Amino acid sequence: GHRCLPSKDSESMIAIDPPVDFRVAPGRGGFRLLGDFPRGTYRIKILSGMTTVDNGTLTKDYSKALTIGPRDAHIEFVENGRYLPRNAWKKLRFKHRNVGELILTVRQVPPKNLPFWLSFGTEVANQRDSDVVIRRALRVSGEPDKMVTGSLDVASLIGDDFKGVLQVRLGAPGVDSTTRLLVS
């Protein structure tokens, strides 16, 4: 618990190799070391004599090797809301991390199918009430483990003739993000 936190004058007895700026924070059953740890292997050493806020003392050195792997893949639309206005489809921004290819799927719920879509109990467009109007792969790139922002020009992909609701989904293995555009 909080009783295991190092005292302020003892935090200097914690060393990380290779060096990384870090801070000590409370954690369940002890404390956590928080910092910007890029991928790699680190050796954490806590020297004997370190004292806690409760005057406990570490009697012998503690050393542990730790490997930081890649961060999980992630996709999310930047603009959020129940339905985005028509001007949002000119530049629909999204963020991604650790994905190389995205599958873009756009489904259209035409005005004649809106009653069926609304009566389904969920806002997810499916084959019962909508049509797939676009399905294509998009290559994206970015530094490993860093969030990158991209954008879609949905209007140029589908033209100006569409009415109803558009469901725009970006997906990659294990991750996806969906938003809906109301086109009226």
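Our subject is the structure listed above.
Novice: Can you break down the overall build of the protein residue by residue, with the values?
Specialist: Secondary structure summary: the protein contains two helices and twelve strands in total. Reading the protein from its N end, one meets helices and strands in the order β-β-β-β-β-β-β-β-α-β-β-α-β-β. Reported as C-alpha extents along the three principal axes, the dimensions of the protein are approximately 75 × 35 × 25 Å. Here the protein holds 184 residues, and the buried ones make up 35% of them. A separation threshold of at least 6 residues defines the contact pool for the protein, and within that pool the share at least 24 residues apart is 62%. In the structure as shown, the protein presents an accessible area of about 11400 Å², 50% of it carried by carbon and sulfur atoms.

Novice: Explain the packing of aromatic side chains to me, using residue names and the numbers behind them.
Specialist: The relation between two aromatic rings is expressed through the spacing of the ring centres and the mutual angle of the planes. Within this structure, the stated rule accounts for one aromatic pair. Here the aromatic rings of F37 and Y42 are separated by 5.4 Å at their centres, their planes lie at 90°, and the arrangement is edge-to-face. The exposure class assigned to F37 is buried, which follows from its relative accessible area of 17%. With a relative accessible area of 6%, Y42 lands in the buried category.

Novice: So what's going on with the sheet that holds strand β10 (residues 148–152)? Which residues, and what values?
Specialist: The antiparallel open sheet is built from three strands, whose spatial order is β6-β7-β10. The strands lining the two open edges of the sheet, one partner per strand, are β6 (74–77) and β10. Between one strand and the next, the sheet's axes are offset by a mean angle of 25°, whatever the strand orientation. Where strand β7 (residues 92–97) lies against β10, five bridges are found, and the strand directions are antiparallel. Each residue of the ladder has a partner; that of R93, found in β10, is S151.

Novice: Can you tell me about the pairing of β6, naming the residues and giving the values?
Specialist: Side chains of β6 alternate between two faces, with I75 and F77 buried and H74 and E76 left unburied. In terms of strand pairing, β6 meets β7 through four bridges, oriented antiparallel. Residue E76 lies in a different strand from β7, and its bridge partner there is K95.

Novice: Run through unusual backbone geometry, naming residues and quoting values.
Specialist: A cis geometry characterises the amide bond from D17 onward to P18, with omega recorded as -5°. Position of P18 among the secondary structure elements: in the loop between β1 (14–17) and β2 (22–27). Phi at N55 is positive, roughly 65°, even though this residue is not glycine. Examined against the element boundaries, N55 turns out to sit in the loop between β4 (40–46) and β5 (62–68). Residue D145 is not a glycine yet carries a positive backbone phi of 70°.

Calculation rules
- Residues numbered from 1 in each chain as written.
- Predicted model: local features only at pLDDT ≥ 70, side-chain atom pairs only at ≥ 80, totals over all residues.
- Heavy atoms only, no water.
- Helix = DSSP H or I, 4+ residues; strand = E, 2+ residues; numbered from the N terminus.
- Buried < 20%, exposed > 50% of the residue type's maximum accessible area, 1.4 Å probe, protein only.
- Contact = heavy atoms within 4.5 Å.
- Areas by Shrake-Rupley, 256 points an atom, 1.4 Å probe, with all protein chains shown as cover.
- Phe/Tyr/Trp six-rings, centres within 6.5 Å; stacked < 30°, edge-to-face > 60°.
- Pairing = 2+ DSSP bridges.
- Axes fitted to C-alpha atoms, helices over the stretch in contact; angles between N-to-C directions.

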